[in-house]
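What follows is the residue order along each chain.
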Protein chains: 2
Amino acid sequence: MPFHLYFNGEISPLDSTIFKSNDLAILRGYGMFDYFRTYNGVPFRWDDYWQRFENSAKLLKLPLPLNQEEAAEILADLHALSGEPEVAFRFVLTGGYAPDSVHVVKPNFLIRTEALPQDNPAGLLKGIKVLPYQYVRDLPEIKTTNYVHMVLMADEMKEQGASDLLFYKDGEISELTRSNFFIFKGDTLITSDTNILRGITRKVVLELAKEHFKIEVRPLLYSELATADEAFTTSSTKWVMPIVQIGDNLVGDGKAGQRTLSLQDLFKKVVLEWGR
Amino acid sequence: MPFHLYFNGEISPLDSTIFKSNDLAILRGYGMFDYFRTYNGVPFRWDDYWQRFENSAKLLKLPLPLNQEEAAEILADLHALSGEPEVAFRFVLTGGYAPDSVHVVKPNFLIRTEALPQDNPAGLLKGIKVLPYQYVRDLPEIKTTNYVHMVLMADEMKEQGASDLLFYKDGEISELTRSNFFIFKGDTLITSDTNILRGITRKVVLELAKEHFKIEVRPLLYSELATADEAFTTSSTKWVMPIVQIGDNLVGDGKAGQRTLSLQDLFKKVVLEWGR
């Protein structure tokens, strides 16, 4: 797999040593990223991902060294070098090298080409278990690199047979570590709009769902889980993933919901036809 | 300045390119650090700093690749290479390279030798202004690398003539971005013990203060600022720094407090005599 990366104007093998030690991402956790993939060789919803990346950069006050067209050319070059029909891309923008270890001088911009994430076909069919976790992401509308709780809890999740954490605080559910959260109550689809990162898959699913279900985009209470018929999470790697257990409690009857699976089908059609 | 760094067993110039791009500090903000300096050529309170570093590593579930003795030898080598009588050291322990961008495999351990921080003699004499900021550090007892709010607010602080942020949430003051917080009410010295990083300078100052003042280590309410006679902050770079203004409000009469300056004197004596 000759995957490569782009770093501040240069392309080199993915395994290259590229960062000096005083980057603000390393010293101060000051960085942001985005992540997306191709279907049929074409980056999925590229405009949406770029727009979100631009927005994160603006909110972190980091000037972007490239515009969308220039970035698209680099994606094409990296894709060609990979020799793979499909790839994933990870953009990372950091605070750059800081002589005083505090102030941003010039951001570092990295694009990594990565192998596609591993599928979880069993999860898509039967659903996953998640652990409730009292936390709300800091600066949730920015896709910062701060995923400390996810990494910290990785072993605990594995021990409990769980795939992810469901963040809630002060009685309100926000999101999972890297994905958005939805429930069905009957034919009503509910998802939060506060303290979340606005997922692109979430956006696509809401577009698809509006023709079939009543939709409520509003704060979602933890107490509503008890009466939810179905639950699922969305992300670029999870698609529409049924959630059948939250901690010790089953969601609905503990099986992947039919409405959820119908949305999963609709999403699958979109990506399979993407770019054709 | 031939400052050098240590990285996973090798010593190289400070400006060296050493990190690959999939370190968890870069991708996931998963890292921790510590920072201390020499006085009279001897690392100040080395046992305390090492113990805190070990504690952070344990709480982040990162195995330390060195013990204290081995680390001390590296410090001596780096110090000698610098050719400087006094240096500062920055330890950084990251989640290391992650093939799956989530799980820790083997931490990366970095020690940077740095020039001494710039003094702020005017601040030590006349005191500084800080901005109140509604926030509490995530995992406050761990010295993680997450200083996003500090970097994000750097311009705003400069515009307002402020040196730092004073974190408070739900009516309670915790700390500043990188330093602890104290107030005097008469001869009573008060400092918080919750949601803080336990500073080594804080510890030394409490040791020094107990012979001269009544001490209360307890949650400190934001509302208590109005009746504080003096305020100050402590850190390895700020020593005992008077705080004379918080946002638009003066502390006491708006001048560096006499009790604060007496503690500053006591601290200065300790460091000037350190290692002799």
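Predicted model, so just to flag it, every value in this text is computed and none were measured.

J.: Is there a simple way to think about the overall build of chain A in this case?
T.: Counting its secondary structure elements, chain A contains eight helices and 17 strands. A compact globule built from 276 residues should have a C-alpha radius of gyration of about 19 Å, and chain A, at 19 Å, falls within 12% of that. Projected onto its principal axes, the C-alpha coordinates of chain A cover approximately 55 × 45 × 35 Å. A burial count over chain A gives 57% of its 276 residues as buried. Long-range contacts, defined here as pairs at least 24 residues apart, represent 70% of the contacts in chain A between residues at least 6 apart. Averaging the positions of the 30 positive and the 37 negative side-chain charges in chain A gives two centres separated by 2 Å.

J.: Mind showing me how you'd approach the interface of chain A and chain B here?
T.: As a measure of interface size, the accessible area lost when the parts come together is often cited. The partner chain B presents 42 residues to the 42 residues of chain A that form the contact. When the two sides are added together, the surface that chain A and chain B hide from each other amounts to roughly 4,000 Å², 60% of it contributed by carbon and sulfur. When residues of chain A are sorted by the area they lose upon contact with chain B, A:Ile26, A:Arg28 and A:Leu152 head the list and together hold 17% of the total. Between A:Lys20 and B:Asp15 there is a salt bridge, and its shortest N-O distance comes to 3.0 Å. Across the contact surface, chain A and chain B share 19 residue pairs in polar contact (both at pLDDT 80 or more). Class assignment for the residues of the side of chain A that touches chain B results in 24 nonpolar, 10 polar and eight charged. With three bridges joining them, strand S3 (residues 17-20) of chain A and strand S3 (residues 17-20) of chain B adopt antiparallel strand pairing. Considered in S3(B), the bridge of A:Phe19 is made with B:Phe19.

J.: How should I be thinking about the pattern of salt bridges in this particular structure?
T.: Charged atoms that come close allow side chains of opposite charge to pair. All names here are of chain A. In the structure shown here, the tally under the stated rule is 30 salt bridges over all chains. Between Arg259 and Asp187 there is a salt bridge; the shortest N-O distance is 2.8 Å. Taken together, the positions of Arg259 in helix H8 (residues 258-272) and Asp187 in the loop between strand S11 (180-185) and strand S12 (188-191) put the pair 72 residues apart, joining distant regions of the chain. The class for Arg259 is partly exposed, based on a relative accessible area of 24%. Here the salt bridges do not stand alone but share partners, grouping Lys185, Lys214, Glu216, Arg218 and Glu224 into one network.

J.: Looking at this model, I keep getting lost on the domain arrangement of chain A. Mind explaining?
T.: All names here are of chain A. Segmentation of chain A into domains returns domain 1 (4-114) and domain 2 (121-272). Between domain 1 and domain 2, the C-alpha centre-to-centre distance is 27 Å. Taken together, the contact between domain 1 and domain 2 spans 18 residues of the former and 21 residues of the latter. Of the roughly 1,700 Å² buried where domain 1 meets domain 2, counting both sides, 61% is carbon and sulfur surface. Taken as a group, Phe33, Tyr39 and Arg52 account for 32% of the area that domain 1 buries against domain 2, more than any other trio of residues on that side. Viewed at the interface, domain 2 and domain 1 are joined by two salt bridges. Between the two partners, domain 1 and domain 2, sit eight residue pairs in polar contact (both at pLDDT 80 or more). Residue assignment for the side of domain 1 that touches domain 2 shows that the elements contributing at least two residues are strand S4 (31-39) and helix H2 (46-59). Top contributing element to the side of domain 1 that touches domain 2 by residue count: S4, with seven residues. Class assignment for the residues of the side of domain 1 that touches domain 2 results in eight nonpolar, five polar and five charged.

J.: Mind showing me how you'd approach unusual backbone geometry here?
T.: The bulk of non-glycine residues show a negative phi, and the bulk of peptide bonds are trans. Residues and elements named next belong to chain B. Even without being a glycine, Ser101 presents a positive backbone phi close to 60°. Looking at where Ser101 falls in the secondary structure, it is placed in the loop between strand S6 (88-94) and strand S7 (108-114). Using a relative accessible area of 7% as the deciding quantity, one classes Ser101 as buried. The phi angle at Leu139 is positive, at roughly 50°, despite the residue not being glycine. If you trace the backbone, Leu139 turns up in the loop between strand S8 (128-134) and helix H5 (148-152). Owing to a relative accessible area of 18%, Leu139 belongs among the buried residues under this scheme.

J.: What's the story with the sheet that holds S7(B) in this structure? I'm lost.
T.: The strands making up a sheet are joined through hydrogen bonds of the backbone, oriented either antiparallel or parallel. Residues and elements named next belong to chain B. Ordered by their spatial adjacency, six strands build an open sheet running S2-S1-S7-S6-S4-S5, and the pairing between neighbours is antiparallel. The outermost strands of the open sheet, each flanked by one partner alone, are strand S2 (10-13) and strand S5 (42-43). Pairing of strand S4 (residues 31-39) with S5 involves two bridges; the strand directions are antiparallel. Residue pairing in the sheet places Thr38 in a bridge with Pro43 of S5. Contacting S4, S5, S6 and S7, helix H2 (residues 46-59) runs over the sheet at an angle of about 175° to S4.

J.: Which parts of the structure should I look at to understand the sheet that holds strand S1 (residues 4-7) of chain A?
T.: All names here are of chain A. One open sheet accounts for six strands, arranged S2-S1-S7-S6-S4-S5; its pairing is antiparallel. Since the sheet does not close on itself, it has two edges, and those belong to strand S2 (10-13) and strand S5 (42-43), each with one partner. Of the strands in this sheet, S4, S5, strand S6 (88-94) and strand S7 (108-114) touch H2, which is tilted by about 175° from S4.

Reading the values: the criteria
Residues numbered from 1 in each chain as written. Chains lettered and ligands numbered in written order. Predicted model: local features only at pLDDT ≥ 70, side-chain atom pairs only at ≥ 80, totals over all residues. Heavy atoms only, no water. Helix = DSSP H or I, 4+ residues; strand = E, 2+ residues; numbered from the N terminus. Rg over C-alpha atoms; globule rule 2.2 N^0.38 Å. Buried < 20%, exposed > 50% of the residue type's maximum accessible area, 1.4 Å probe, protein only. Contact = heavy atoms within 4.5 Å. Lys, Arg positive; Asp, Glu negative; His and termini not counted. Charge placed at Lys NZ, Arg CZ, Asp CG, Glu CD. Buried area = accessible area lost by both parts, 1.4 Å probe. Salt bridge = Lys/Arg side-chain N within 4 Å of Asp/Glu carboxyl O. Polar contact = N/O pair within 3.5 Å; in protein donor to acceptor, adjacent residues only side chain to side chain. Nonpolar A, V, L, I, M, F, W, Y, C, P; charged D, E, K, R; others polar. Pairing = 2+ DSSP bridges. Domains from an automatic or database assignment. Axes fitted to C-alpha atoms, helices over the stretch in contact; angles between N-to-C directions.

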